[in-house]
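Geometric and topological summary
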Amino acid sequence: MRTRPILPLVAALALAGATALAAEPKETIEMADGSVYMGHTSRQNLTESKSLFLYDSAMIVMPRKDIGSLTPLESDFDKLSESWRNWFVVRPQYVHVNADGKRYVNLYSLADKEGVNTNIFLISRSPEYIKYYTIAPGGATLADADIRVVRYGRRDALDITGIVTEIETVDGEIVRGQLVEDSAEGKGILTDGDVVEIVPSNKIASLRRLPLDPDSGIETQIEFLDKLTVSVPEGEPLVLTGIITYMNYRTDGKPDLYLEVYDPYKKGEENMRVETVRLMSKAKSRNSLYTPRRGLFIAEDSVVFVNGKEMLPARFVPIKDGQEFLADEISLSPVAVSPENGEITLSMRAVDANNRITLMSIRTHTDGDIESYKFNYRDIVENAIEGDRKVSRNGVASITYTGLTDGIYLVFNQNTKKAYVFQVGEEDVETVG
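Here goes a summary of the coordinates provided. (Residues numbered from 1 in each chain as written. Predicted model: local features only at pLDDT ≥ 70, side-chain atom pairs only at ≥ 80, totals over all residues. Heavy atoms only, no water.)

Concerning the pattern of salt bridges
Tallied over the entire structure, the rule returns 11 salt bridges. Among the salt bridges present, the one from Glu 223 reaches Arg 286, with a minimum N-O distance of 1.9 Å. Of this pair, Glu 223 sits in the loop between β14 (204-211) and β15 (224-231) while Arg 286 sits in strand β19 (residues 278-286), and the two are 63 residues apart along the sequence. Among the residues examined, Arg 286 registers a relative accessible area of 54% and is labelled exposed. (Salt bridge = Lys/Arg side-chain N within 4 Å of Asp/Glu carboxyl O. Helix = DSSP H or I, 4+ residues; strand = E, 2+ residues; numbered from the N terminus. Buried < 20%, exposed > 50% of the residue type's maximum accessible area, 1.4 Å probe, protein only.)

Some details on the packing of aromatic side chains
Following the criterion strictly, the structure yields 12 aromatic pairs and no others. Considering the side-chain rings of Tyr 37 and Phe 53, the 6.4 Å spacing of their centres and the 65 degrees angle between planes classify their relative orientation as edge-to-face. Of this pair, Tyr 37 sits in strand β2 (residues 36-45) while Phe 53 sits in strand β3 (residues 50-63), placing them 16 residues apart in sequence. The pair formed by Tyr 37 and Phe 53 is uniform in burial state, with each residue classed as buried. Relative to Trp 87, the ring of Trp 84 lies with its centre 5.5 Å away and its plane at 85 degrees, an arrangement referred to as edge-to-face. One end of the pair is Trp 84 and the other is Trp 87, both in helix α1 (residues 82-89) and three residues apart, which spans about a single turn. Each member of the pair, Trp 84 as well as Trp 87, carries the same accessibility label: buried. Taken together, the ring pairs in this structure connect Trp 84, Trp 87, Phe 88, Tyr 94, Phe 121 and Tyr 133 into an aromatic cluster. Its end group placed over the ring of Phe 224, Lys 284 keeps NZ or CZ at 5.5 Å from the ring centre. (Phe/Tyr/Trp six-rings, centres within 6.5 Å; stacked < 30°, edge-to-face > 60°. Lys NZ or Arg CZ within 6 Å of the ring centre and 35° of its normal.)

Brief notes about the layout of surface pockets
Space inside the second largest pocket adds up to approximately 810 Å³. Taken together, 29 residues make up the lining of the second largest pocket; nearest its centre are Tyr 37, Ile 60, Met 62, Glu 114 and Ala 140. The set of elements that each furnish at least two residues to the lining of the second largest pocket consists of β3, β6 (103-112), β7 (115-125) and β8 (129-143). Looking at the lining of the second largest pocket, the element that brings in the most residues is β8, giving 10 residues. Across the lining of the second largest pocket, the residue classes break down as 16 nonpolar, seven polar and six charged. (1 Å grid on protein atoms, 1.4 Å probe; cavity = no way out; pocket = protein on both sides within 12 Å on 5 of 7 lines; lining within 4 Å. Points joined across faces, edges and corners; volume = space filled by probe spheres on them. Nonpolar A, V, L, I, M, F, W, Y, C, P; charged D, E, K, R; others polar.)

Some thoughts on the pairing of β7
Where β6 lies against β7, four bridges are found, and the strand directions are antiparallel. Paired with Asp 112 across the strands is Gly 115, a residue of β7. In textbook terms, the turn of a hairpin is the stretch between consecutive antiparallel strands, and for β6 and β7 this stretch comprises two residues. The pairing of β7 with β8 spans four bridges and is antiparallel. When the sheet's bridge partners are listed, Leu 122 is paired in β8 with Tyr 132. Adjacent in sequence and paired antiparallel, β7 and β8 are bridged by three residues. (Pairing = 2+ DSSP bridges.)

Interpretation in functional terms is not warranted from these geometric data alone.
Written out as structure tokens, the structure is:
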């Protein structure tokens with residue numbers, strides 16, 4: 001029978017991906033006694049089979065024998081923290097009104113050997129235990145044997161950075177997607193078909209972490225680095241800090257546990273370190289290179305965004321037998337756009353990007369006292385600016401341009417003849433007669 005040296009620690013090798021909004025997906029740990037913790041695992045001690053979990057909120061089951069006192073409170077709704085108010089807003093049945101017309105809620109103050117928690121919501125109680133909900137930062141030491149399952153928040157459809165988990169089974173099958181569930185029985189992978197596929201633990205041969213955006217480095221797409229303490233066959237334990245990108249569980253002549261650890265700060269050096277190890281502990285540290293990004297959801301055709309700002313079509317009319325195009329008024333007020341990291345990105349539905357989209361610089365045209373914008377097909381050819389084009393997984397195409405100087409720019413769809421004008425910088429632009 002194959003031996004999994006650290007299988008009982010269901011959170012230790014979860015290798016969860018990061019999300020754009022909350023960075024790493026929120027972990028929800030469900031315990032065998034019914035307690036539920038929401039936050040993230042800070043450190044796992046594999047030699048003692050326990051974890052330190054830092055939670056933002058929790059539903060806790062506590063034995064009566066551990067309670068010092070439990071005191072009811074009538075709490076003014078308007079004086080609650082924002083987190084508590086938001087919690088009660090979606091549970092209006094718990095918000096009451098007193099004789100003075102003020103809203104209040106019933107909370108409790110709990111004293112135990114760890115201290116006093118002045119705001120808890122009591123869910124249920126019996127002679128043996130109480131179950132309560134708390135919204136307050138805290139820490140809990142959780143024994144691996146008491147953890148039933150670890151769940152990870154699903155990535156939003158607009159997230160374009162994060163981590164993809166790729167599992168190879170002992171049968172050679174590849175399961176790829178976001179890790180959303182982990183337990184001693186197996187790992188749940190949310191595939192592109194929105195189905196959670198459970199891979200049994202005894203069928204996992206290897207696990208790899210990949211960036212959701214293949215054009216960006218993995219170091220920019222994960223909030224926490226892995227800080228590992230490992231024992232080696234000879235010498236003192238080593239401390240490795242980086243990103244676990246690969247784990248091997250095979251026993252066909254290979255070590256029981258085989259890690260590839262990528263160090264994002266060792267640019268230009270040997271930054272892929274492969275170790276034959278026994279993992280003793282795993283902690284997390286903030287990754288200063290993390291840059292979460294979200295894409296756009298564009299519901300309609302022929303809508304263009306520039307660096308996330310929606311553009312309104314400019315009103316151009318064809319002149320000279322349709323060979324030139326003239327704006328019918330100067331009051332277009334082109335949207336001012338600031339480059340992000342020196343880049344300007346056009347975003348639109350992929351169906352529009354498949355059309356002939358052109359970006360070009362344009363100057364103000366004057367005719368007597370009337371100012372306007374004018375361009376022709378020669379401008380489209382000679383002034384067109386080349387960009388890097390790609391399509392995201394949510395069907396939005398992006399064209400990125402670098403090195404644009406201050407001035408007025410025109411986005412022109414040669415198929416629909418729709419045009420959009422935006423301005424880079426705030427300086428006056430050149431005019432021509």
